[in-house]
2 protein chains.
Amino acid sequence: MTDIKNYIQANKDRFLEELYGLLRIPSISSESAHKPDMLRAAEYWKEQLLKAGADRAEVMPTEGNPVVYGEKIVAPGAKTVLVYGHYDVMPVDPVELWKTSPFEPQIIGDRLYARGANDDKGQSFMHAKAFEYLVRENALPCNVKFMLEGEEEIGSPSLGKWCQENKKMLEADVILVSDTSMIAPDVPSVTVGLRGLSYVEVCVTGPNKDLHSGLFGGAVANPANVLAKLVADLIDEKGHVTVPGFYDDVVEVSAEERAAMAKAPFDEVAYKAALDIAKVSGEEGYSTIERTGIRPSLDVNGIWSGYTGEGAKTVLPATAHAKISMRLVPNQDWEKIGRQVAECLQARAPESVKVEVKLLHGGWPYGADLKSEAYKAAEAAYMDVYGKLPIPTRSGGSIPIIATFEQVLGIKSLLMGFGLEADAIHSPNESYLLENFFKGIETIVAFYRHYGA
Amino acid sequence: MTDIKNYIQANKDRFLEELYGLLRIPSISSESAHKPDMLRAAEYWKEQLLKAGADRAEVMPTEGNPVVYGEKIVAPGAKTVLVYGHYDVMPVDPVELWKTSPFEPQIIGDRLYARGANDDKGQSFMHAKAFEYLVRENALPCNVKFMLEGEEEIGSPSLGKWCQENKKMLEADVILVSDTSMIAPDVPSVTVGLRGLSYVEVCVTGPNKDLHSGLFGGAVANPANVLAKLVADLIDEKGHVTVPGFYDDVVEVSAEERAAMAKAPFDEVAYKAALDIAKVSGEEGYSTIERTGIRPSLDVNGIWSGYTGEGAKTVLPATAHAKISMRLVPNQDWEKIGRQVAECLQARAPESVKVEVKLLHGGWPYGADLKSEAYKAAEAAYMDVYGKLPIPTRSGGSIPIIATFEQVLGIKSLLMGFGLEADAIHSPNESYLLENFFKGIETIVAFYRHYGA
């Protein structure tokens, strides 16, 4: 039998070429102009699954973008692993900050640059290649099912319903996901907690048209000033979110668990240097890792009003807009939080303007089971490939669908992520360390061996 | 001699066609792409002045857009009127809110719609036509000089120097300007006070790239949240600007003058209905007219950061920007105010971000002389045409160059404006009441007769 290392070495260029084919499709789910690209990306995945050795694969419609489903059943009684990934990507703006064309993958140094190189095309594609190896070597010890969606970056609005409708087909013992990060190239970790998300859009309307700021300035409430005040008041001087009820459902993490978390390596000097900031910032009484791992947060994701072009325009704008999202921790309910934020903004708005708040989307937070067979198999796999146990970490990011899987399918997920902070996912110049792509394939193969044994 | 009313009646369509020619040129001074249009507009004005009867007219270069100068000297000893106007216009965005094409003038009902229909192409063009009439009738009682600039909407950066260099050529007894409003079609007014302007652009920089708001949200200062707080803190609960020293140079208006101002007609119910707002808003202790006339103010003219497109993007933006302007009253120094605002924002910014403030432009406030011969002639002219004296008002707007004229040329200005609040200058669907265009021409003719008598 060919060793996985040798197999990768022999097929490296083909693996990358196949991944490039996927990366070249601009499957941006939040922009409706890219609708045809979603279908192209789904079809591409289907072909890849069939080539890799799936018994069947198909592009299945949903109310939104289709889901690609594929499977290989080795034995009815064998354990079943359901691989989840997503073929949609984030928008690329500000596109002028990209050093390479976002949809023309390019290797520079030891990294592959492209939108989706990591999130999640690069990471999910490792699973196709690990699967291919085990099939070709006739060594697949489990049944494997693949489920790739095209709406992760917009909150997976259709996948929950699709899972409900295909519950039987999706039966599995564990859901395997690579869509998170690890601590460092030589410090593997498994994500055991994910924050939830509640995302709202606020529109403040003042006068019925843009006004001349000289003729009206000082006498008519300016929606941009009002919005700035509403936004500013959402967080107090101590970094606490001021929305009434915001922390009501948060489960405080025990001092013991916080002490354990504090053992994870964290270099604040390097962290600040990497981001070029003079100071970290956040909720008083919590460390940086705690602020993103165990505490909810509130961020403006976008704000716009008035004249934003070159030069000066003395306008008092008619409207002002903001996109605001809250990251949530286990036990917080994203719809409730969205409502609380909306009610709070409405209540605080002065009579001189109208405020509208739309709940754009959201997702539940998630906590994993560190005592499961799957988690143990993952530990053994990382030990094989990296020579050390993975550190259990909590990610500040959200994969809202992970909580949905548990609710709808009753299956826990295992988050074996091979991304790094430096990969700049969601930003210009997203990249993926080639070493992690190949070691990820190795680790996944090792996982199957331990889990299926 | 033809009566001016008859002359207008006979030449109405030609007057409008000639004005359309000017309105069709998209001479937006704040957008560098429109540079060639600035020259086209200047050349057009030159031709119009020559056709109207100027002895000479030329397009004179400046460091920025050219100035159109023209003159007719009837007698060396006669009084000299220097007409000032501007051929540049504001940007047209949001262009989707226009009901007509902004640079294709169109009459709907009793109004002419186009960018610049009022500000200032329509208003300045009345002077060309009043001049034409008096020349053709051989009845011009004064020397007339024209000076039309192309940078008014960006703060007239070149005109002061150009005036300095052409001081001799520009000698005059009064500068006549139509670039302001009157109270109502049947309530003429002359603007005797103008606010100054100090316009800054703020850039808040946080991390060196856009970040994933899940992975970093709560631990890294978000420039959009920081900017919102900085902006919100510039105005307190009572509507006072909180920038240290902001009110130091403001001359408080006497109780007597405030009582006189209170006699000007103002219908708050109609004002609110026209703007579709439930409540006026501003500095405590002042009326709406006072808030825009005798008090300085601060407005966000534009704000932008992060993702502003369709749908949701969970980004923690690297930068956030705002355009902020202060309207100033007599005795306030715009450069000093700009510096104070910049220092205040720097001082208040948290260590976790960098703040840059650029002073984009500004202009001095202005107060007129109600006892001058020119003001008396204007009163008589309005009496002739409207059957009533004009009300002296203070405009909240800025024409920064008016103060410069006084400083550089030593000449006071007379602001005979025929605009109306409903004209929506600087906004989509700018228009000009045709009645005011024609009555303005009549009033200007009457002014020359009284002033030159």
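Structural notes, computed from the coordinates. Just so it is clear, the structure is predicted and the values come from calculations on it, not from any experiment.

**Thoughts on the packing of helix H6 (residues 223-232) of chain A against helix H6 (residues 223-232) of chain B**
Two elements in contact, H6(A) and H6(B), have axes whose closest approach is 8 Å; the angle formed by their N-to-C orientations is 115°. The crossing of H6(A) and H6(B) is left-handed. Here H6(A) contributes A:Asn225, A:Ala228, A:Lys229, A:Val231 and A:Ala232 to the contact with H6(B), which in turn contributes B:Asn225, B:Ala228, B:Lys229, B:Val231 and B:Ala232. Among the residues making up the contact of H6(A) with H6(B), the classes are represented as six nonpolar, two polar and two charged.

**A word on the packing of aromatic side chains**
The tally for this structure, following the rule as stated, stands at 28 aromatic pairs over all chains. Taken together, a centroid distance of 5.2 Å and an interplanar angle of 70° make the contact between B:Phe437 and B:Phe438 edge-to-face. Comparing B:Phe437 with B:Phe438, the two get one shared label, buried. Feature note: the residues A:Tyr7, A:Phe15 and A:Tyr133 constitute an aromatic cluster, connected by ring pairs. Sitting over the ring of B:Phe438, B:Lys12 keeps its end group 5.1 Å from the ring centre. Taking NZ or CZ as reference, B:Lys79 lies 4.7 Å from the ring centre of B:Tyr451, over its face.

**Describing the interface of chain A and chain B**
Residue-level contacts link 88 residues of chain A with 88 residues of chain B. Here chain A packs against chain B, burying approximately 7,400 Å² in sum over the two surfaces, 53% of which is carbon and sulfur. At the boundary of chain A with chain B, the tally comes to eight salt bridges. A:Glu237 serves as the salt-bridge partner of B:Lys229, at 3.4 Å between the closest nitrogen and oxygen. Between the two partners, chain A and chain B, sit 43 residue pairs in polar contact (both at pLDDT 80 or more).

**Concerning the sheet that holds strand S9 (residues 196-205) of chain A**
Pairing in this open sheet of eight strands is antiparallel, and the strands run S14(A)-S9(A)-S13(A)-S11(A)-S11(B)-S13(B)-S9(B)-S14(B) from one edge to the other. Where the open sheet ends on each side, the last strands, each with one partner, are strand S14 (354-363) of chain A together with strand S14 (354-363) of chain B. When the angles between neighbouring strand axes are averaged without regard to direction, this sheet yields 20°.

**Structural notes on the sheet that holds strand S4 (residues 106-108) of chain A**
All names here are of chain A. Read from one edge of the open sheet, three strands run S4-S5-S18, paired in antiparallel fashion. In the strand order of this sheet, the two ends are held by S4 and strand S18 (431-433), each with one partner. For this sheet, the mean inter-axis angle between neighbouring strands, taken without regard to orientation, is 30°. Direction of pairing for strand S5 (residues 111-113) relative to S18: antiparallel, over a ladder of three bridges. Bridge pairing in S18 links tyrosine 113 to serine 431.

**A few points about the side chain of B:Asp37**
Tracing the chain through its elements places B:Asp37 in helix H2 (residues 35-52). Discounting chain neighbours no more than four positions away, the residues touching B:Asp37 are B:Ile25, B:Pro26 and B:Ser27.

**Some thoughts on the relation of the copies chain A and chain B**
When chain A is fitted to chain B, the residual RMSD is 0.1 Å, and the transformation amounts to a turn of 180° plus an axial shift of 0.1 Å. This pairing of chains is accounted for by a two-fold axis. Both copies present the same face, since 100% of the interface residues in chain A are matched by interface residues at the equivalent positions in chain B.

**Description of the environment of A:Val89**
All names here are of chain A. Its place among the elements puts valine 89 in the loop between strand S3 (80-86) and S4. Distance from valine 89 to alanine 446, taken between C-alpha atoms, is 28 Å for residues 357 residues apart in sequence. With near-sequence residues (within four places) excluded, valine 89 lies in contact with Ser27, Ile28, Ser29, Phe103, Arg115, Gly116, Asp119, Lys121 and Glu153.

**Notes on the state of the cysteines**
Within this structure, the stated rule accounts for zero disulfides over all chains. In this structure A:Cys203 is not part of a disulfide, and its nearest cysteine sulfur, from A:Cys344, lies 17 Å away.

**Looking at the pairing of strand S3 (residues 80-86) of chain B**
All names here are of chain B. Where burial is concerned, most of S3 is hidden: seven out of the seven residues are buried. Residue alternation in S3 divides its side chains into two sets, Thr80, Leu82, Tyr84 and His86 and Val81, Val83 and Gly85, and both sets are buried. Pairing of S3 with strand S6 (residues 143-149), which is carried by seven bridges, proceeds in the parallel orientation. Its bridge partner lying in S6, threonine 80 is registered against asparagine 143. Note: S3 against strand S7 (residues 174-177), four bridges, orientation parallel. By the bridge assignment for S7, valine 81 is matched with valine 174.

**Quick notes on the side chain of B:His321**
Residues and elements named next belong to chain B. Mapped onto the elements of the fold, histidine 321 is located in strand S13 (residues 319-328). By relative accessible area, which is 18% here, histidine 321 ends up buried. A polar contact of 3.2 Å, which involves the side chain of histidine 321, links it to the side chain of threonine 319. Not counting the four nearest positions on each side in its chain, histidine 321 is found in contact with Val202, Cys203, Leu227, Gly302, Ile303 and Trp304.

Definitions and cut-offs
Residues numbered from 1 in each chain as written. Chains lettered and ligands numbered in written order. Predicted model: local features only at pLDDT ≥ 70, side-chain atom pairs only at ≥ 80, totals over all residues. Heavy atoms only, no water. Axes fitted to C-alpha atoms, helices over the stretch in contact; angles between N-to-C directions. Helix = DSSP H or I, 4+ residues; strand = E, 2+ residues; numbered from the N terminus. Left-handed = near helix turned anticlockwise from the far one by under 90°. Contact = heavy atoms within 4.5 Å. Nonpolar A, V, L, I, M, F, W, Y, C, P; charged D, E, K, R; others polar. Phe/Tyr/Trp six-rings, centres within 6.5 Å; stacked < 30°, edge-to-face > 60°. Buried < 20%, exposed > 50% of the residue type's maximum accessible area, 1.4 Å probe, protein only. Lys NZ or Arg CZ within 6 Å of the ring centre and 35° of its normal. Buried area = accessible area lost by both parts, 1.4 Å probe. Salt bridge = Lys/Arg side-chain N within 4 Å of Asp/Glu carboxyl O. Polar contact = N/O pair within 3.5 Å; in protein donor to acceptor, adjacent residues only side chain to side chain. Pairing = 2+ DSSP bridges. Least-squares fit on C-alpha atoms with pLDDT ≥ 70 in both. Disulfide = S-S within 2.5 Å.

In short, the description is geometric, and any link to function would need to be established separately.
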